[in-house]
Amino acid sequence: MNKICIIGGGNLGLVCSGVFASKGYQVNILSGHPENWSRELTITDANGKQFIGSPALITADAAAAVAGVDMILLCLPGYLIKETLKRIKPFLAPSVIVGSIVASTGFFFFAHDVLPGWPLFGFQRVPFISRTVEYGRSGLLLGYKKELNVAVENIPDVPSFLTEIQRMFSTPVSLLDTFYEAALTNSNPILHTARLYSMWSGEVTPVPNNSHFYAEWTDEASSLMIEMDREFQSLLKALNVREGAVPTLLDYYESTDAASLTRKIRSIEAFKPIMSPMIQTPQGWIPDFNSRYFTEDFPFGLQFIKQLADKHNIPTPHITQVLQWGLSKTPK
């Protein structure tokens, strides 16, 4: 499995493309702006190690991008996943494994509809934090995970596939039991949305400076996140997801209460440089409701959790309150 098509040219798409190409994989990139890509990509990790790789093909032609590949990896926002699957389906061989770098924004739900019976995979959490330095040319790999958890469906040789994923991402890989364990993560859809609500659910006025999203995390955000996560864990029990497959956020961040959770989140080195989703205006800094924190994590993350909870009669007062607020701010 050495021919991979990366779809999407954002932070994750750029970093994955550069890293994989540097390891000898043949990487095709399907991008809306192929003319802005360099023939050589340079990715630098948090330790200063550089990955320099040359993609085999950079194109806006879906048929050319997926021709002859063994694997497709979507690095896309949730609102583009379903239409992209429809776009590439006519050119896909049935054996091509299709996956998403982010599985919590509807990937499995959309893929079951568009590609029934296809070999699929998705990550429970993004494999690493990535940032673009120069579009289509260079990027930063800011932090590796200790382990990657992956859900798979209809893949014939799962052990070989997991070995390949481990090589691609230079990180140990564990297999999840069901796609729910990846599709219903409590990472961005709860972590991000709780923080956003705690920041801006009241009266919003311009401020002199942007703030750090994680380094200035608050106990208010932690308390709300813990309550939302309790409701989420109740849903997992109703779906018969094995206990611990999606750890509570307190367990994941090795914390016991809101205060210790706040301290932990503030202390994570890879998180510290990340700024809040804000834009600068002549009056000062205001929330950027067009950022992925809003356009992704509410309608293509938290909303899936809410819909399944309603279907299974799970009370979600905190999730409902945060979701309603977020959808009211998200551009239609």
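How each quantity is defined
Residues numbered from 1 in each chain as written. Predicted model: local features only at pLDDT ≥ 70, side-chain atom pairs only at ≥ 80, totals over all residues. Heavy atoms only, no water. Buried < 20%, exposed > 50% of the residue type's maximum accessible area, 1.4 Å probe, protein only. Helix = DSSP H or I, 4+ residues; strand = E, 2+ residues; numbered from the N terminus. Pairing = 2+ DSSP bridges. Right-handed = clockwise from strand over helix to strand, strands pointing away. Axes fitted to C-alpha atoms, helices over the stretch in contact; angles between N-to-C directions. Contact = heavy atoms within 4.5 Å. 1 Å grid on protein atoms, 1.4 Å probe; cavity = no way out; pocket = protein on both sides within 12 Å on 5 of 7 lines; lining within 4 Å. Points joined across faces, edges and corners; volume = space filled by probe spheres on them. Phe/Tyr/Trp six-rings, centres within 6.5 Å; stacked < 30°, edge-to-face > 60°. Lys NZ or Arg CZ within 6 Å of the ring centre and 35° of its normal. Lys, Arg positive; Asp, Glu negative; His and termini not counted. Salt bridge = Lys/Arg side-chain N within 4 Å of Asp/Glu carboxyl O. Polar contact = N/O pair within 3.5 Å; in protein donor to acceptor, adjacent residues only side chain to side chain. Core = buried A, V, L, I, M, F, W, Y, C linked by side-chain atoms within 4.5 Å. Parallel < 35°, antiparallel > 145°, perpendicular 65-115°, else oblique. Left-handed = near helix turned anticlockwise from the far one by under 90°. Disulfide = S-S within 2.5 Å.

**Description of the pairing of strand E7 (residues 97-100)**
Thought 1: On E7, burial covers both faces: Ile 97 and Gly 99 on one face and Val 98 and Ser 100 on the other are all buried.
Thought 2: Sheet topology note: the strand E6 (residues 71-74)/E7 ladder contains 4 bridges and is parallel. Following the sheet pairing, Met 71 is matched in E7 by Ile 97.
Thought 3: Taking the sense of rotation as the criterion, the β-α-β connection linking E6, helix H3 (residues 78-88) and E7 turns out right-handed.
Thought 4: Of the pairings in the sheet, the one linking E7 to strand E8 (residues 120-123) comprises 3 bridges and is parallel in character. Each bridged residue has a counterpart across the sheet, and for Val 98 the counterpart in E8 is Leu 120.
Thought 5: Considered for its hand, the β-α-β crossover made up of E7, helix H4 (residues 107-114) and E8 is right-handed.

**Quick word on the sheet that holds strand E10 (residues 138-144)**
Thought 1: Taken together, the 4 strands give an open sheet; going across it, the order is E4-E3-E10-E9, and neighbouring strands pair in mixed fashion. Taken across any chain shown, the strands that pair with only one partner, and hence form the sheet edges, are strand E4 (50-53) and strand E9 (128-134). Adjacent strand axes in the sheet meet at a mean angle of 20° when their direction is disregarded.
Thought 2: The pairing of E9 with E10 spans 6 bridges and is classified as antiparallel. Its bridge partner being in E10, Arg 131 is matched across the sheet by Leu 140.

**Concerning the sheet that holds E7**
What holds strands together in a sheet is hydrogen bonding between their backbones, with the strands either parallel or antiparallel.
Thought 1: Across the sheet, which stays open at both edges, the 8 strands sit in the order E5-E2-E1-E6-E7-E8-E11-E12 with mixed pairing between neighbours. Among the strands making up the open sheet, the edge pair consists of strand E5 (57-59) and strand E12 (173-175). Averaged over neighbouring strand pairs, the angle between their axes works out to 20° when direction is ignored.
Thought 2: Lying over the sheet, helix H5 (residues 158-169) contacts strand E1 (3-7), E6, E7, E8, strand E11 (148-153) and E12, oriented at roughly 150° with respect to E12.

**Concerning the layout of surface pockets**
Thought 1: The calculated volume of the second largest pocket comes to roughly 290 Å³.
Thought 2: As for the second largest pocket, its lining consists of 17 residues, and the residues nearest its centre are Gly 8, Gly 9, Gly 32, Leu 76 and Leu 80.
Thought 3: Per-element tally for the lining of the second largest pocket: the top contributor is H3, with 4 residues.

**Side note on the packing of aromatic side chains**
Thought 1: In this structure the tally under the stated criterion is 25 aromatic pairs.
Thought 2: Both rings, one in Phe 109 and one in Phe 179, keep their centres 5.8 Å apart while their planes meet at 80°; by these two values the pair is edge-to-face. Here the residue Phe 109 occupies a position in helix H4, and Phe 179 occupies one in the loop between E12 and helix H6 (180-183), the gap between them amounting to 70 residues.
Thought 3: On the accessibility criterion, Phe 109 (25% relative accessible area) is partly exposed.
Thought 4: Through a chain of ring-to-ring contacts, the aromatic side chains of Phe 20, Tyr 25, Phe 121, Phe 123, Phe 128, Phe 161 and Phe 169 assemble into a single cluster.
Thought 5: Positioned above the aromatic ring of Tyr 252 is the side chain of Arg 125, whose terminal nitrogen or guanidinium carbon lies 3.6 Å from the ring centre.

**Description of helix H10 (residues 258-267)**
Thought 1: Regarding H10, the residues found buried are Ala 258, Ser 260, Leu 261, Thr 262 and Ile 265.
Thought 2: If you follow the buried residues of H10, they end up packed against helix H8 (219-238) and helix H9 (249-252).

**Some remarks on the side chain of Glu 231**
Thought 1: Along the chain, Glu 231 turns up in helix H8.
Thought 2: One buried charged residue, Glu 231, remains without a salt bridge, the closest side chain of opposite sign being Lys 306 at 8.2 Å.
Thought 3: Within polar-contact distance, the side chain of Glu 231 engages the backbone nitrogen of Ile 319 at 3.0 Å.

**Some points on the nonpolar core**
Thought 1: Grouped together as the largest cluster of nonpolar side chains are 46 residues, with contacts concentrated most on Met 225 and Leu 302.
Thought 2: Here this core takes 8 residues from H8, the largest share from any one element.
Thought 3: Setting aside chain neighbours within four positions, we find Leu 302 in contact with Pro 189, Ile 190, Thr 193, Met 228, Asp 297, Ile 319, Val 322 and Leu 323.
Thought 4: Counting 38 residues, the second largest nonpolar core, distinct from the first, contains Phe 123, Leu 148, Phe 161 and Met 168.

**Describing the packing of H3 against H4**
Thought 1: Close contact between H3 and H4 brings their axes to 10 Å; oriented N to C, the two are set at 20°. By the angle class used here, H3 and H4 are roughly parallel. Here H3 and H4 pass one another in a crossing that is right-handed. Between H3, through Gly 78, Ile 81, Lys 82, Leu 85 and Lys 86, and H4, the contact on the second element is made entirely by Phe 107, Phe 110, Ala 111, Asp 113 and Val 114.

**Examining the state of the cysteines**
Thought 1: For the coordinates displayed, the defined rule picks out 0 disulfides.
Thought 2: Unpaired in this structure, Cys 5 has its nearest cysteine sulfur neighbour in Cys 75, at a distance of 9.8 Å.
Thought 3: No disulfide involves Cys 75; its sulfur sits 4.5 Å from the nearest other cysteine sulfur, which is in Cys 16.

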